[in-house]
Amino acid sequence: MSRYAQHSDEELITACRAGVEEAWEVLVGRYERLVYTIPRRFGLSPAEADDVFQSVWVALLKHLDTLRQPDRLGAWLVTTARRECWERRRGAEFQRGENVAPDAMPEDRWVEESSPEEILSRFEQHQRIRQALTRLKERCRRLLQLLYYDPARPSYAEIAGQLKIPVGAIGPTRARCLEEMRHLLEAP
């Protein structure tokens, strides 16, 4: 674990301004999922999302010394990523000869209608859930991943087969696993 892992965003920005590479790595690691989520929610391809991701971090690097509110870094990153997505989508539409307003672009409604702070809050909540999920016992973790995260949306019969448990045990096991998850999320 990095010695900067527990530092605030403000402290990391100060260290980055001083040229501490380790602080930059922690900062990027802290927000990489958030930044990458925005272009994917806009419907951009993985390659386009990679480009947006890189552009956002380059923009932060360029504005590091002029960043006025380092304590609001997450919101700044969300706003920058959204703008970059709008520019890329608008550019793509213009290249095809279409004139589409940014508000008509295919973006998930929650991304479009939420403030950067709301997006950041949702991201932080998802991070807490992912961290709690990793602390569950293997059986609970696998069950919850199959039920809630598997894009194939397996049936109860398929889940029972993968976990080698009776179909009738899925509901009660899920309830116990969710209760354990709730305790992990409520713990300080």
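Provided above is the structure to which this section pertains.
Here the structure is a predicted model, which means the values were calculated and not measured.

Remarks on the overall build of the protein
Check the secondary structure of the protein and you find nine helices and zero strands. The 188 residues of the protein split such that 34% are buried. Relative to all contacts within the protein whose residues are 6 or more apart in sequence, the contacts with residues 24 or more apart total 57%.

Overview of the pattern of salt bridges
All told, the structure shown has six salt bridges when counted by the stated rule. Among the ionic pairs, Arg141 bridges to Glu138, the shortest N-O distance being 2.6 Å. Highlighted residues: Arg141 and Glu138, both in helix H7 (residues 138–148), separated by three residues, approximately one helical turn. One salt bridge in this structure joins Glu186 and Arg182, with 2.9 Å as the shortest N-O distance. Taken as a pair, Glu186 and Arg182 lie in helix H9 (residues 170–186) at a separation of four residues, close to a single helical turn. Within the structure, one salt-bridge network assembled from shared partners comprises Glu179, Arg182 and Glu186.

Observations concerning unusual backbone geometry
In this model, Arg153 sits at a positive phi of 50 degrees, which is unusual for a non-glycine residue. Mapped onto the fold, Arg153 is located in the loop between H7 and helix H8 (156–163). A positive phi angle, close to 60 degrees, is found at Lys164, a residue other than glycine. Inspection of the secondary structure assignment puts Lys164 in the loop between H8 and H9.

Points about the state of the cysteines
Within this structure, the stated rule accounts for one disulfide. Each sulfur of the disulfide joining Cys140 and Cys177 lies 2.1 Å from the other. On the sign convention where negative is left-handed, the bridge of Cys140 and Cys177, at about -75 degrees about the S-S bond, is left-handed. Taken as a pair, Cys140 in helix H7 and Cys177 in helix H9 lie far apart in primary sequence, 37 residues in all. Accessibility expressed as a relative area gives 0% for Cys177, which makes it buried.

Some points on the nonpolar core
Nonpolar side chains in soluble globular proteins tend to be buried together. Residues Leu27, Tyr31, Leu60, Leu73 and Leu77 are the most contacted members of the largest nonpolar core, which totals 29 residues. When residues of this core are traced back to their parent elements, those giving at least two are helix H1 (9–17), helix H2 (21–41), helix H3 (46–63), helix H4 (73–95) and helix H6 (116–135). With eight residues, the single largest contributor to this core is H2. Here Leu73 is in contact with Asp9, Ile13, Leu27, Tyr31, Leu60 and Leu67, once residues within four sequence places are set aside.

Concerning the side chain of Thr173
Mapped onto the elements, Thr173 comes out in helix H9. Once residues within four sequence positions are removed from consideration, Thr173 is found in contact with Arg139 and Leu143.

Quick word on the packing of H2 against H6
Where H2 meets H6, the closest approach of the two axes is 11 Å, and the angle between their N-to-C directions is 120 degrees. Classified by the angle between their axes, H2 and H6 sit oblique to one another. Between H2 and H6 lies a crossing of right-handed hand. Contacts between H2 and H6 pair Arg30, Tyr31, Arg33, Leu34 and Ile38 from the former with Ile119, Leu120, Phe123, Gln127 and Arg130 from the latter.

Notes on the environment of Cys85
If you trace the backbone, Cys85 turns up in helix H4. Residues Cys85 and Leu44, spaced 41 residues apart in sequence, show a C-alpha to C-alpha distance of 8.0 Å. Those residues in contact with Cys85 that sit more than four places away from it in its chain are Ile38, Pro39, Phe42, Leu44 and Val52.

Conventions adopted
- Residues numbered from 1 in each chain as written.
- Predicted model: local features only at pLDDT ≥ 70, side-chain atom pairs only at ≥ 80, totals over all residues.
- Heavy atoms only, no water.
- Helix = DSSP H or I, 4+ residues; strand = E, 2+ residues; numbered from the N terminus.
- Buried < 20%, exposed > 50% of the residue type's maximum accessible area, 1.4 Å probe, protein only.
- Contact = heavy atoms within 4.5 Å.
- Salt bridge = Lys/Arg side-chain N within 4 Å of Asp/Glu carboxyl O.
- Disulfide = S-S within 2.5 Å.
- Core = buried A, V, L, I, M, F, W, Y, C linked by side-chain atoms within 4.5 Å.
- Axes fitted to C-alpha atoms, helices over the stretch in contact; angles between N-to-C directions.
- Parallel < 35°, antiparallel > 145°, perpendicular 65-115°, else oblique.
- Left-handed = near helix turned anticlockwise from the far one by under 90°.

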